[in-house]
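Below, each chain spelled out in residue letters.
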Amino acid sequence: MAYLIDQGVASVPALMEVTGMPRRTAQDTIGSLAELDIECVFQHHAGERHNSGHYQIVSWGPIDPHWVSQQAGRLRTALGYDAG
C-alpha cells in the first residue's frame, strides 16, 4: 500500500481500483501503515468538497523503499494483486 501511495496511486478510489480492495479495507490498510512505523498523511485539496485529496508517505520508518520498489512484482504476486 505504501509503495502504491508513493507511486502516485494516492487516493482511496485509486487504491480500490488497483488492488480490488473494498473501501473499508483500503482505509484500514492505510491506517495500519503506522503499525509498521510508516508515516502516511492525508493532504486535503484546497477548495475541494468533503475529503478530496491524496495520501503521501512522509517517512518509510524502518522499511527500505528502494527494496520495496525492486521487489514490487514479487510482492504483488505474493499478495495476490497480479493484474489480469
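Going along each chain's sequence as written, the residues are numbered from 1 onward. Owing to the predicted nature of the model, reporting of local features is limited to residues with pLDDT of at least 70; listing and counting of side-chain atom pairs is limited to 80 or more, with chain, interface and lining totals taken over all residues. Values shown for side chains rest on all heavy atoms present in the structure; no hydrogens or waters enter the calculation.

Q: Help me out: how do you make sense of the overall build of the chain in this one?
A: A run of H or I in DSSP counts as a helix once it spans at least four residues, and a run of E counts as a strand once it spans at least two, with each numbered from the N terminus. Helices and strands together make up the secondary structure of the chain, namely five helices and two strands. Listing the helices and strands of the chain from first to last along the sequence gives α-α-α-β-β-α-α. As a reference, a globule follows 2.2 Å times the number of residues to the power 0.38, and the radius of gyration itself is taken over C-alpha atoms. Over its C-alpha trace the chain gives a radius of gyration of 13 Å, about what one expects of a compact globule, namely 12 Å for 84 residues. Along the first, second and third principal axes, the C-alpha set of the chain runs to 40 × 30 × 20 Å. Evaluated residue by residue, the chain yields a buried proportion of 23% over its 84 residues. Here, two residues are considered to be in contact whenever any of their heavy atoms come within 4.5 Å of each other. Intrachain contacts of the chain at a sequence separation of at least 6 include 38% that bridge at least 24 residues. By element, 49% of the accessible surface of the chain is carried by carbon and sulfur atoms, the whole surface being about 5,800 Å². The chain carries 5 positive and 9 negative side-chain charges, and their two centres are separated by 8 Å. Exposure classes here rest on a 1.4 Å probe applied to the protein chains alone. A residue is buried below 20% of its type maximum, exposed above 50%, and partly exposed in between. Per-residue accessibility takes into account occlusion by the displayed protein chains alone, with areas from the Shrake-Rupley method and a 1.4 Å probe. Asp and Glu are treated as the negative residues and Lys and Arg as the positive ones, with His and the ends of the chain left uncounted. By convention, the point assigned to a charge is CZ for Arg, NZ for Lys, CD for Glu and CG for Asp.

Q: What exactly am I supposed to notice about the packing of aromatic side chains here?
A: Within a pair of aromatic rings, the relevant descriptors are the distance that separates the centres and the angle that separates the planes. Each pair of aromatic rings taken from Phe, Tyr and Trp, with Trp reduced to its six-membered ring, is defined by centres within 6.5 Å and is described as stacked if the planes are under 30 degrees apart, edge-to-face if over 60, and tilted in the remaining cases. Inspection of every chain in the model, using the stated rule, returns one aromatic pair. Taking the centre distance of 5.1 Å and the plane angle of 65° together, the rings of phenylalanine 42 and tyrosine 55 count as edge-to-face. Linking phenylalanine 42 in strand β1 (residues 39–44) with tyrosine 55 in strand β2 (residues 53–59), this pair joins segments that are 13 residues apart in sequence. Residue classification places phenylalanine 42 among the partly exposed residues on the basis of a relative accessible area of 34%.

Q: Help me out: how do you make sense of the nonpolar core in this one?
A: Nonpolar side chains in soluble globular proteins generally cluster together in the buried interior. Put simply, a nonpolar core is a bunch of buried Ala, Val, Leu, Ile, Met, Phe, Trp, Tyr and Cys residues held in one set by side-chain atoms that sit within 4.5 Å of each other. In terms of nonpolar packing, the biggest core is built from 15 residues, with Ala2, Ile5, Ile30, Leu33, Ile38, Ile57 and Trp60 touching the most fellow members. Of all the secondary-structure elements, those providing two or more residues to this core are α1 (2–6), α2 (12–19), α3 (23–32) and β2. Other than its neighbours up to four places away in sequence, alanine 2 contacts Leu33, Ile38, Ile57 and Trp60.

Q: What am I meant to see in the pattern of salt bridges here?
A: A side chain with one charge can pair with a side chain of the opposite charge if their charged atoms come near. Any carboxyl oxygen of Asp or Glu within 4 Å of a side-chain nitrogen of Lys or Arg constitutes a salt bridge here. In total, this model carries one salt bridge according to the counting rule given. In this structure, the salt-bridge partner of arginine 24 is aspartate 28, at a minimum N-O distance of 3.1 Å. Placement of the pair is arginine 24 and aspartate 28 together in helix α3, with a separation of four residues, close to one helical turn. For arginine 24, a relative accessible area of 57% puts it in the exposed group. On the accessibility criterion, aspartate 28 (38% relative accessible area) is partly exposed.

Q: What's the story with α2 in this structure? I'm lost.
A: At 3.6 residues per turn, the α-helix brings residues three or four places apart onto the same side. Residues Val12, Leu15 and Thr19 constitute the buried set of α2. The buried side chains of α2 occupy one side of the element, clustering within an arc of 60° when seen end-on. Buried residues belonging to α2 abut α1, α3 and β2. In the stretch just after α2, glycine 20 is the one whose phi turns positive, near 80°. In this context, the arc is that of the directions from the helix axis out to the C-beta atoms.

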